[in-house]
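Each chain is listed here by its residues.
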Amino acid sequence: MNAPVTRRNAIFGIAVAVTSLAAPSILRAQSAGRVVVVGGGFGGAACARALKRADATLKVTLIEPNETYISCPFSNEVIAGLREIEAQQFGYDRLAAAGITVVAQAATAIDRQKRSVTTGDGTALGYDRLVLSPGIDFHLDALPGYDEAASETMPHAWKAGAQTLLLRRQLEAMADGGMVAIAIPANPSRCPPAPYERAGLIAHYLKTKKPRSKVLILDAKDTFSQQRLFEKAWKELYGDMIERIALSQGGRVTSIDAATKTIVTEFGNYTPDVANVIPPQRAGRIAGIAGAADATGWCPIDPVTFESKLVPNIHVIGDACLGGGIPKSAAAASAQAKACAAAIVSLLAGRTPEAPRLTGVCYSTVAPGYGFSLAGNYQPRGDIFAEVEGGATSPVDAPRELRAREAAEAERWFQTITADTFG
């Protein structure tokens, strides 16, 4: 039976309720099933761990080129000087100790007929089921003038690591009285509330260190998740320091000129002192190589099994999939990972997978000790996940005590999800 969503279980992020996750695979043939997982983030690492926990006889291989994973959740605090990058770093030693084979290579090719994945060193790994959790890549064709070289001048910081530290250094080097512009793309994109959290935390840094400075948001959307909560917090904490230009006001960025550090919109050009340009996104490259991405750049799936609708025996989880109402977030990726693992165990054992129920919460922190949350419940409906009753968002007029409590809950959520994922 699916457990009801409560505030207590919601604070630990999106969870999955499926009874088949821990069920023994009593119908499996003598040979152990082989499952290869590509991508070692919150989705891929959690899926590999859940597979091994559900059936210790499975041969589970995790392919991830980076020896250290750098978390995007809480990386906005690194940009604002509130946290060091080392607090975002996690290794794979404990996954290997749990019996998962960790291959520190990039997946470069997939043979769908032979069911094998080729890695950068030429090794071919066979699979019975393949899970892709590649996260995002940038759809650079959709933003003329922006490429990898431009990102060294106008960083996106949308993949945590070197770009996070680059944006932080640019803020530190900016003179008091400067302008920081944040260019936000249209949905779908990774963690839709995160750019607005970033605006608040950058404003906190500026208010503390460079109080004559401003934050300008150039937005390709008219409305956004938890808008009233963000706007109230910005006004309460930062006065007029943050200005947002929405889509209908000409906020959509149409191109950039990295040489002059110019951001071009439909109604005007801007040359900020620091430009944080977040480009449009699509599924990670390996999803396209596998044939699992459609014309949108994302991967359509069966929401019960997460199996690709385009390629058999391949499952897609996390930011790369078309999940419908469920957001692209670390919490969602973790929940999808566990539901996908349960489905794969059932499929390999010849059972019909049960429909999952995903529940959980996303947090935003706009200043130290000031946070709020959005909890949701999601179930398969037709070809996608739909939000169902029982969700909740923080009240707009909550006292500061609640804001402080939710900021503390956000930190506990991060500690819980990283320990659950990486050990």
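Residues numbered from 1 in each chain as written. Predicted model: local features only at pLDDT ≥ 70, side-chain atom pairs only at ≥ 80, totals over all residues. Heavy atoms only, no water.

Visitor: Looking at this structure, how should I read the pairing of strand β13 (residues 214–219)?
Guide: Within a regular strand, the side chains alternate between the two sheet faces. For β13, the tally of buried residues reaches five of six residues, placing the bulk of the element in the interior. Where strand β12 (residues 179–184) meets β13, six bridges bridge the pair, whose relative direction is parallel. Each residue of the ladder has a partner; that of Ala-183, found in β13, is Leu-218. One crossover worth recording links β12 to the parallel β13 by way of helix α7 (residues 194–209), and it is right-handed. Of the crossover connections in this fold, the one passing from β13 over helix α8 (residues 227–238) to the parallel strand β14 (residues 242–245) is right-handed. (Buried < 20%, exposed > 50% of the residue type's maximum accessible area, 1.4 Å probe, protein only. Helix = DSSP H or I, 4+ residues; strand = E, 2+ residues; numbered from the N terminus. Pairing = 2+ DSSP bridges. Right-handed = clockwise from strand over helix to strand, strands pointing away.)

Visitor: What's the story with the layout of surface pockets in this structure? I'm lost.
Guide: The gaps of empty space that remain are located by a probe, the size of a water molecule, rolled over the atoms. A volume near 430 Å³ is recorded for the second largest pocket. Of all the secondary structure elements, the ones that give two or more residues to the lining of the second largest pocket are β21 (357–367) and β22 (370–381). If you tally residues by element for the lining of the second largest pocket, the top one is β22, at four residues. Its residues assigned to classes, the lining of the second largest pocket shows 14 nonpolar, eleven polar and four charged. (1 Å grid on protein atoms, 1.4 Å probe; cavity = no way out; pocket = protein on both sides within 12 Å on 5 of 7 lines; lining within 4 Å. Points joined across faces, edges and corners; volume = space filled by probe spheres on them. Nonpolar A, V, L, I, M, F, W, Y, C, P; charged D, E, K, R; others polar.)

Visitor: Would you explain the sheet that holds strand β16 (residues 262–265) in this entry?
Guide: The strands that make up a sheet pair up through hydrogen bonds in the backbone, lying either parallel or antiparallel. If you walk across this open sheet you meet the three strands as β15-β16-β17, and the pairing is antiparallel. The outermost strands of the open sheet, each flanked by one partner alone, are β15 (253–257) and β17 (269–270). In this structure, β16 lies alongside β17, joined through two bridges in antiparallel fashion. If you follow Ile-263 over to β17, its bridge partner there is Tyr-270.

Visitor: Would you explain unusual backbone geometry in this entry?
Guide: Residue Pro-188 is reached from Asn-187 by a cis peptide bond, and omega for that bond is 0°. Position of Pro-188 among the secondary structure elements: in the loop between β12 and α7. You will see that Gln-226, though not glycine, has its phi angle at about 60°, which is positive. Structurally, Gln-226 is set in the loop between β13 and α8. Overall, the relative accessible area of 11% leaves Gln-226 in the buried class. Unusually for a residue other than glycine, Lys-261 sits at a positive phi of about 55°. Within the secondary structure, Lys-261 sits in the loop between β15 and β16.

Scope: geometric values only; no functional claims are made or implied.
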